[in-house]
Each structure stands twice: as structure tokens, then as C-alpha cells.
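Reading the structure
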Number of protein chains: 2
Amino acid sequence: MKIIKDGTITNVKGIKAAGISAQLKKSGKKDLALIYSGKKAVSAAVFTKNLVKAAPIILNMENIKNGNTQAIIVNSGNANSCTGETGLENAKKMTEFAANELGLKKEEILVQSTGIIGVQLDMKKIETGISKICKEISKDGGNDAAAAIMTTDTFTKQICAEIEIDGKTVTVAGMAKGSGMIHPNMATMLAFTVTDVNIEKSLLQKIFSEITDSTFNMISVDGDTSTNDMACVIANGASENKKIVDENSEGYSKFKEALYFVNQELAKLIAKDGEGATKLIEVTVTGAKSKKDAQKVAKSVITSSLFKAAVFGEDPNWGRILCAVGYSEAELIVDKINIFLGNDTNALQKGVQVAKNGMGIEFDNEKAVKILKNEKVEILIELNDGEFSSTAWGCDLSYDYVKINAEYHT
Amino acid sequence: MKIIKDGTITNVKGIKAAGISAQLKKSGKKDLALIYSGKKAVSAAVFTKNLVKAAPIILNMENIKNGNTQAIIVNSGNANSCTGETGLENAKKMTEFAANELGLKKEEILVQSTGIIGVQLDMKKIETGISKICKEISKDGGNDAAAAIMTTDTFTKQICAEIEIDGKTVTVAGMAKGSGMIHPNMATMLAFTVTDVNIEKSLLQKIFSEITDSTFNMISVDGDTSTNDMACVIANGASENKKIVDENSEGYSKFKEALYFVNQELAKLIAKDGEGATKLIEVTVTGAKSKKDAQKVAKSVITSSLFKAAVFGEDPNWGRILCAVGYSEAELIVDKINIFLGNDTNALQKGVQVAKNGMGIEFDNEKAVKILKNEKVEILIELNDGEFSSTAWGCDLSYDYVKINAEYHT
């Protein structure tokens, strides 16, 4: 697998994109993105499990059923959530406007919105914006599209990888937004992956659901599961590899690995750019009785406000880690637990051991603090009670998280 | 029921107390408390569900079995948690030291510790301290005892109420500590209630467990369930009311109401004094399908970092409330939900309605902001789908929460 530096979604054959300002954001920053596949494509998606589902989510859950998505229209600045029938009508209109301009069926379009909850979209601006953006899509629009989906994000989140299947170059690329209300449950806040792989529709959904569980579902910024969470993938077959129809084929494995890599990198970028974050935290749990137990422990630690504040303060307060392990509701034996503060090159390379058999041990405090000064802080928790592992990503809890979210938005 | 202004635990007949410095805290502040009943007493307690249980918890779970507790010894400055066999031995020694001085069996003593996790107690200081404090207990020691259990608390948490049963005055009084790592699961961080009621032991435990579920278990400061959570009650019968042996008696009802009141007030004081808190938040949920569903919704909202930061910022961002309702995992119908920002006199007196049938509505923004400027912010969520209600208490998320918890503690 080859990582394409500065690659965007338009590195994928047959994919065009654009990002413009439709004047939805007061700042005048880009707020409308379009991803378009000139070629028929198959698609898969996962959505928020929050019972409060934003209008675009409700519509997409219908539109994804055919599994043939050729375009995604996304606005930022307004989440179109808790907006009732009018909101749902507006989401439908967004797909209709785009369908008319692009010559597609409206069911072939997914729609997303991100921003404030509970305010109706300005459909005049949306209509003008969609008309404009459909004319602007190009092979150079990847960066603009990634910028247009940002809200409190401080950088665009993009990743692009290439693999070879049957002698054909297959590209997998994605873009995402994150920052706040990030604690995905079966999906995450806006992650769009495109690929030119040629694959059976049912296999694409299968792979994507599996991957989501270990990538987007393993990050947390603030424990709040959004009403708009969604991750999707479009595969348009433009690479002309022999169609992947078998789970045991080499092509399947290679593609899954690349898609996993792209989604994991997007998940990490979202965690790293969590609201107010100064550090990316990676918590790896090994030796769990089951995958579910490993995930519970990793998620519990990455979500602990006390642990996150300690990382912000560069305080090797391992008691807070063990405490969060203890209330994770995972099956485990406290007396078997070891905790290490890792280093920034490899989570599994043990750093400073701070707890052994569920108890504190003497450790080199200076070295521990040095590890916590890294931009990426790795924690290793050995449960020593089984064969399963899991990794979760998050960020520290800083003054700026409070500042960003205590600001008056209306 | 009569609330005794400035009442302390020593208002209860037969109860003496003291609070001293045993030099465990570097600051020299009080760090050792003793509560003592001169009369044989019955007791009940609930403990943390965290799998990581501090040494005192493990010991108390044994000692409470006999249900005859006559003294509680508590230190602050060190949690004696994650301290292994040595920690457990030290907890035992604390009860032995106190038993010797007080002429009790060591099983008649409960012990608690609160402060840093993972450091062994200085037993020399503890021994000297216990020897001293046992000589200092008096009818004036209530305030000192309440002060000696504080860590990052900014005020002592005490409440005292009187009722009359069979013509006898019965007093119920309690003290607690809170502040951080507050998200109790079947118990909370150190709440001690004493009463001179005369009651059957089994009834006391029954009442206490029920009450805990709606009081201490309904508060959250930061979502972190501590390793040391414990709430207990001692009843010494000194009021000489006719022994309560029947659940259907008037005495039972009256006593339960008083104990409920005392514990609820302590729970609210803990929430109000959450680390960095500027406001007490009270979330009331009505119309739920079950008590469990009502509690899930109330706890989900009170725990949401985004909601808490919005309250700190006095931002009527109801979308964050509805979002947290949606991911609470309670059974509910989004389209039936109404949300009100209440006022500071009565949670059930509706204030400004901000959402109706699961959607935003136009509201008087100025009035909404004014409500959020109160020291106590009340939220009312009507699910309109059943008969059950619940209330949860918490606090806002401020810069100071981060500051307090990012400070280097070692």
C-alpha cells in the first residue's frame, strides 16, 4: 500500500469535487461541498444510533438502500437537525436540486448538513449554491470540498492510499470533519470515502460496517453522540480491476486493508482535532476476554474527563486510568492489570510502566512526564486475561474545549 | 419535618464527632474525621460498583455485614486505593487503632479514605492521629468532622432535619464530600448520615438502598465513577421512639421521608460544589415509560459535556439537550418531547419552552438567557410517553474544572 502525500478524494479515478461558499456561514468561509462520480457506483454507509436523527440522516437511510450513490452534497453552518417535516422536505430538495443539475436520480444522491441544531436551512441560498457548485466540480476540487465541510475543525482531514489489484491501480481516499459532539455510535460525524475499486455491493457494506466498528466507533472527543453522524463509501469501479465478489480473494483483503487504513487515519485526524485538543491520545488495550471487553475498556479510558484533563496537564496520574478501567463494565480481573505510558512511535512498544497487577509501582517520573509532553500520547493497558485487543483515540480536555462550547452561538 | 439551620451530625442524640489535622495534607488543613455513637447502633451502606475498589471499601463490605456500626473513621489527602494487600492491612489497622481507643470491636467500625490514588498511607501519622482524635470527640465536633473529609470541596456539606415519631423527636443529619470523580454507581463519594431513630436493621438497609437510587445515584460532576464511593447511615435509637418494624407504619414513612430529604440535599450540595462549578443544574424528566428510562434520560443530559459547557456559557442551546436525550438509550418517541428551561424556584413550574414535539420553536431568547444566569438552572424534559419521572443533579463545565484537574498532583 502506498500513501499518497497531499492526496485528496479527486485522486480517485472518476471522482470530481468542489467546495464553495453559499453564504450559510456568516464568516463567508466555504460551506457547501459536492462529491461526484461520473461513473455509476455502489455505496455503503453507517449512521448515528442517536434516536434524534437529523433530517439528512433520515433521508439517507432511504437513499442508501439502492446502494447506488453517485453524488454527495454537504453543507456546513447548519445541521438541519430537530427541524421536523420542513427539515426533511429541505433535505429532499437538496437532493432534487443536485439531481436536476447533475442528471441523476435523486435517490442516487446522499445529503449531509453540519452546524447548529434546530434552525431551518435558508433554502434560497442552498438552491443558488447547489446550482453553482454543480458547475464547478473538477479534478482539482478535493481540497475545497474538504474545507467546505469544516465547522470548528482547525484543519482539513484527508487521506489517500493506493493499492494494486490484478495489475490495476486502485485508489482509496477519504475526507472527514470532526471537532465536537464526537462520540460516534456505529458511525461518525461526516466521513466520506471514495474509491475506484470494482466490488460487489454487498461486500462493500460488509467490509465498511466491520471497519467502522474499529475506527470511527473507537474515537471520542467529548462523549456526545451527534444527531448527524454518518460515514459512507462510494466505489465506482473506474480502476477496472476484476470485480471483487469473493471474501477469500486477494483483492478483497488488499482493498479491505486500504479502506481500513484510510478510515483509521481519518478517525485519528478527527480525534487529534477535537475541540480544544492539544494532544492526540491513543489507548491500546490487550489481553481482554473478548473484543467487546477490550473496546469497553479503551472507550471508557479515552472518554474519562479526569484522565483527559491529566493528559492536558502532563500529569502521570495513572490512578485515573485504572479507575476508568474499573467502571468500564468490561469483564476483567483488577489484580492482573498493567499500565504503561507508551512513546510516540509505537503504542505497543512499552514505555514507562506505572501500574503492575492493579497497583501503583515506583517509576521514573521525569521520563513519564516527558512521554506526556509528546503531541501523541500513547497508553498501553494489559488486562492479561485473554486474547483480544482494541485501540481507541481521543484528545485531551483543555480550557479551549470549554471556551469553544461555552461561547454564545445564537 | 423541620430543617435545623446550621445543624450538624452531632445534633443527633448520642452522636459525637471530631475533625483534626493528622498532617496527611501538606497544607496542614484538617484531614482526619471521626463519627461516634455512644449507643449501640444499626447501620446500612452502599458501595461503588467500580471493579477497582479502594481498600476501605473492601474492608467495609465485610464490616457492614453485621450491621452494627458504632464509629466511622475517615482520612482525606490519600484514597488508599490501588494499594494492594498493604493498603488493605492499613485499612484494617485504622479500624483496630480506633477500636482500641473507643473500646469497640473493630468490626463495629467503618473506615474511609479520600485523596490521591495509588500511594500508601503514612501509618505513623494515622496512628498518632487516631489516638488523638478519639480523645477529642464531642457534641461540638460536627463542623470539624465535615471539614476534615474535604478534598477539592469549597464548602462543607451538611444537612440536619427533625421529625416526630410517637411523640419523640427524631433527628436525621448527614455530611458528605464530593467535587471530582463524581458519577456514583449505587453509592457516592463519602456521604455519612446518622440518626437517633429506633429502627429494625433490615428496614434501614431497605430504605437506604431505595433512597440512594434516587439521590446519590442521580448526580454527576464529570462522569467518572470513583473507586471509593460509599454512602452509609447509622441509627442508634437514642430518640427512644417505639422501634420501627413495619413498612406500613407512620413512623416508617416519616423516617423515610426525612432520610430521603437529608440524602437528597447532600446529593445536591455535592453537585453544586462539583469541581469548577459555577451553577447547580437540575434536570427533571417526566412522562417516561419506566423509572429506568426517566433516569437514563436525566443522567444522560446531566452528564453531557456539551450541555454543561453551554450552561456555563449561559447559552440556551437546547439542541444539545435533545441530542443527549437521543443517545440516552432510553425508550422514547422523539416527536413527543418538549423541553423547558425552568426557573429557580420550582423545577416543575414551566419556564421558557424551547422545543416542542422534538423540534425547536420560537422562544423569548432574553428570558431564556436570564434563566441560565441563575445559580440554579432547571431543565424540564417532558417525554409524554408514560407515567414515570426522575430528577438528576449536576453542574456546569467551566475552565476551572480543567484547571483543577490538569494541575500536576504528584
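Now for a quick tour of the structure.

Parameters and conventions
- Sequence order sets the numbering: in each chain, residues are counted from 1 along the sequence as written.
- Going through the entries in the order they are written, you letter the chains from A and number the ligands from 1.
- In keeping with the predicted nature of the model, local features appear solely for residues at pLDDT of at least 70, side-chain atom pairs appear and are counted solely at 80 or more, and the whole-chain, interface and lining totals rest on all residues.
- Only hydrogens and water are removed before side-chain values are computed, so all heavy atoms of the structure are retained for them.
- Secondary structure is summarised from DSSP: a helix means a run of H or I of at least four residues, a strand means a run of E of at least two, and numbering begins at the N terminus for each.
- As defined in this context, the radius of gyration uses C-alpha atoms, and a globule is described by 2.2 Å times the residue total to the power 0.38.
- Buried, partly exposed and exposed residues are distinguished by accessible area as a fraction of the type maximum, computed with a 1.4 Å probe on protein chains only: under 20%, between the cut-offs, and over 50%, respectively.
- In this analysis, two residues are considered to be in contact whenever any of their non-hydrogen atoms come within 4.5 Å of each other.
- The Shrake-Rupley method, run with a 1.4 Å probe sphere, supplies the accessible areas, and residue values consider only the shown protein chains as cover.
- Polar contact criterion, stated in full: a pair of N or O atoms within 3.5 Å, where within protein one must be able to donate a hydrogen and the other to accept it, and residues adjacent in sequence count only if both atoms are side-chain atoms.
- Polarity classes work like this: nonpolar for Ala, Val, Leu, Ile, Met, Phe, Trp, Tyr, Cys and Pro, charged for Asp, Glu, Lys and Arg, and polar for all others, with Gly in that last group.
- Each copy is superposed on the other by least squares, with the fit set by C-alpha atoms of residues at a pLDDT of at least 70 in both.
- A pair of strands counts as paired when DSSP detects no fewer than two bridges linking them.
- To get an axis, a line is fitted to the C-alpha atoms, and for a helix only the part in contact is used. The angle between two axes follows their N-to-C directions and goes from 0 to 180 degrees.
- Working note: the arc is built from the helix axis to C-beta atom directions.
- Roughly parallel refers to an angle under 35 degrees, roughly antiparallel to one over 145, roughly perpendicular to one between 65 and 115, and oblique to any angle outside these ranges.
- For a crossing to be left-handed, the near helix must be turned anticlockwise from the far one by less than a right angle; the clockwise case is right-handed.

This part covers the overall build of chain A. Scanning chain A from terminus to terminus reveals 11 helices and 17 strands. In summary, chain A has a C-alpha radius of gyration of 21 Å against a globular reference of 22 Å for 410 residues, a match within 12%. By its C-alpha atoms, chain A is 65 × 55 × 35 Å across when sized along the principal axes. Going through the 410 residues of chain A one by one, you find that 63% of them count as buried. Residue pairs in contact within chain A that sit at least 24 positions apart in sequence constitute 81% of those at least 6 positions apart. Carbon together with sulfur atoms contributes 48% to the accessible area of chain A, which is approximately 14,700 Å² in total.

This part takes up the interface of chain B and chain A. At the interface, 55 residues of chain B touch 55 residues of chain A. At the boundary of chain B and chain A, one finds six residue pairs in polar contact (both at pLDDT 80 or more). Where the side of chain B that touches chain A is concerned, the elements lending two or more residues are helix 8 (305-312), helix 9 (318-326), strand 15 (359-360), helix 10 (365-372) and helix 11 (399-406) of chain B. Looking at side-chain class alone, the side of chain B that touches chain A contains 25 nonpolar, 22 polar and eight charged residues.

Moving on: the relation of the copies chain B and chain A. Superposition record for chain B on chain A: RMSD 0.0 Å, screw rotation 180 degrees, translation along axis 0.0 Å. Viewed as a symmetry operation, the transformation between the two copies matches a two-fold axis. Scanning chain B for the C-alpha nearest the rotation axis identifies Y399 of chain B, at a separation of 2.6 Å. Comparing interface residues between copies, 100% of those in chain B also sit at the interface in chain A, which points to an isologous, same-surface contact.

So, on to the sheet that holds strand 1 (residues 2-3) of chain B. Residues and elements named next belong to chain B. Spatially, six strands are ordered 1-7-8-9-11-4 in an open sheet, and the strand pairing comes out mixed. Only two strands of the sheet have a single partner each, and these edge strands are strand 1 and strand 4 (42-47). For strand 4 and strand 11 (residues 230-235), the ladder comprises six bridges, and the chain directions are antiparallel. Within strand 11, the position partnered with V42 by the bridge is A235. The strands touched by helix 6 (residues 250-272) within the sheet are strand 1, strand 7 (157-165), strand 8 (168-176), strand 9 (191-195) and strand 11, with strand 7 carrying the most contacts at an inclination of about 170 degrees.

Glancing now at helix 11 of chain B. Every buried residue of helix 11 of chain B is listed here: Y401, V402, N405 and A406 of chain B. Buried positions in helix 11 of chain B, seen along its axis, are confined to an arc of 115 degrees and lie on one side of it. The inward-facing, buried residues of helix 11 of chain B abut helix 8 (305-312), helix 9 (318-326) and helix 11 (399-406) of chain A. Sitting at the amino-terminal end of helix 11 of chain B is S398 of chain B, which places a side-chain oxygen 3.1 Å from the backbone nitrogen of D400 of chain B.

On to the pairing of strand 2 (residues 15-20) of chain A. Residue and element names in this part refer to chain A. Buried residues dominate strand 2, accounting for five of its six residues. Bridge count for strand 2 against strand 3 (residues 32-37) is six bridges, and the pairing is antiparallel. Opposite I15, over in strand 3, you have S37 as the bridge partner.

Turning next to the packing of helix 5 (residues 201-214) of chain B against helix 6 of chain B. Residue and element names in this part refer to chain B. Their axes nearest at 10 Å, the elements helix 5 and helix 6 cross at an angle of 40 degrees. It follows that helix 5 is oblique to helix 6 by the angle criterion. As helix 5 runs across helix 6, the sense of the crossing is right-handed. Contacts between helix 5 and helix 6 involve L203, L204, K206, I207, F208, E210, I211 and S214 on the former and, on the latter, Y252, F255, K256, L259, Y260 and N263.

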